[in-house]
Amino acid sequence: MYSQDAISGHRRGRPEPTAEMLSGLACLMCGTDYRNAPDPEAVVVAHHDGGQILACHGTCARMACGSVNGLRETALPLDERVRRHRGDRS
């Protein structure tokens, strides 16, 4: 397991989240693009402006929110997240 210091240090060293990360289209930690990934298990780790922020299940989720399972909330379907992201850009 990662220590709390290692997790905090990783968070401090990360650049600002991208629009795709804030829309739930990419992992908050590793940047995996869920639109192109071969079926990764994404979990909700936070909320921003009424939307879900996601991370890959396991290490990324643990580093993002402290739990490998995220917030135990069902992520919106990918097509819904894509639709909302496109709507935000209009």
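All figures in this text were calculated on a predicted structure; none of them were measured in a lab.

Let us now look at the pairing of strand S2 (residues 51–56). Among the six residues that make up S2, six are buried, leaving the element largely enclosed by the rest of the structure. Neither face of S2 is left uncovered, since the one carrying Gly51, Ile53 and Ala55 and the one carrying Gln52, Leu54 and Cys56 both have all their residues buried. Both strand S1 (residues 42–48) and S2 contribute to a ladder of six bridges, which runs antiparallel. When the bridges of S2 are listed, Val44 appears paired with Leu54. Joining the antiparallel neighbours S1 and S2 is a turn of two residues, in which Asp49 adopts a positive phi near 50°.

Looking now at the pattern of salt bridges. With the rule as written, the count across this model stands at three salt bridges. Residues Glu80 and Arg83 are paired through a salt bridge, measuring 2.5 Å at the closest nitrogen-oxygen approach. One end of the pair is Glu80 and the other is Arg83, both in helix H4 (residues 78–89) and three residues apart, which spans about a single turn. The salt bridge partner of Glu80 is Arg84, with a shortest N-O separation of 2.8 Å. Highlighted residues: Glu80 and Arg84, both in helix H4, separated by four residues, approximately one helical turn. What emerges from the salt-bridge pattern is a single network uniting Glu80, Arg83 and Arg84.

Scoring rules and cut-offs
- Residues numbered from 1 in each chain as written.
- Predicted model: local features only at pLDDT ≥ 70, side-chain atom pairs only at ≥ 80, totals over all residues.
- Heavy atoms only, no water.
- Buried < 20%, exposed > 50% of the residue type's maximum accessible area, 1.4 Å probe, protein only.
- Helix = DSSP H or I, 4+ residues; strand = E, 2+ residues; numbered from the N terminus.
- Pairing = 2+ DSSP bridges.
- Salt bridge = Lys/Arg side-chain N within 4 Å of Asp/Glu carboxyl O.

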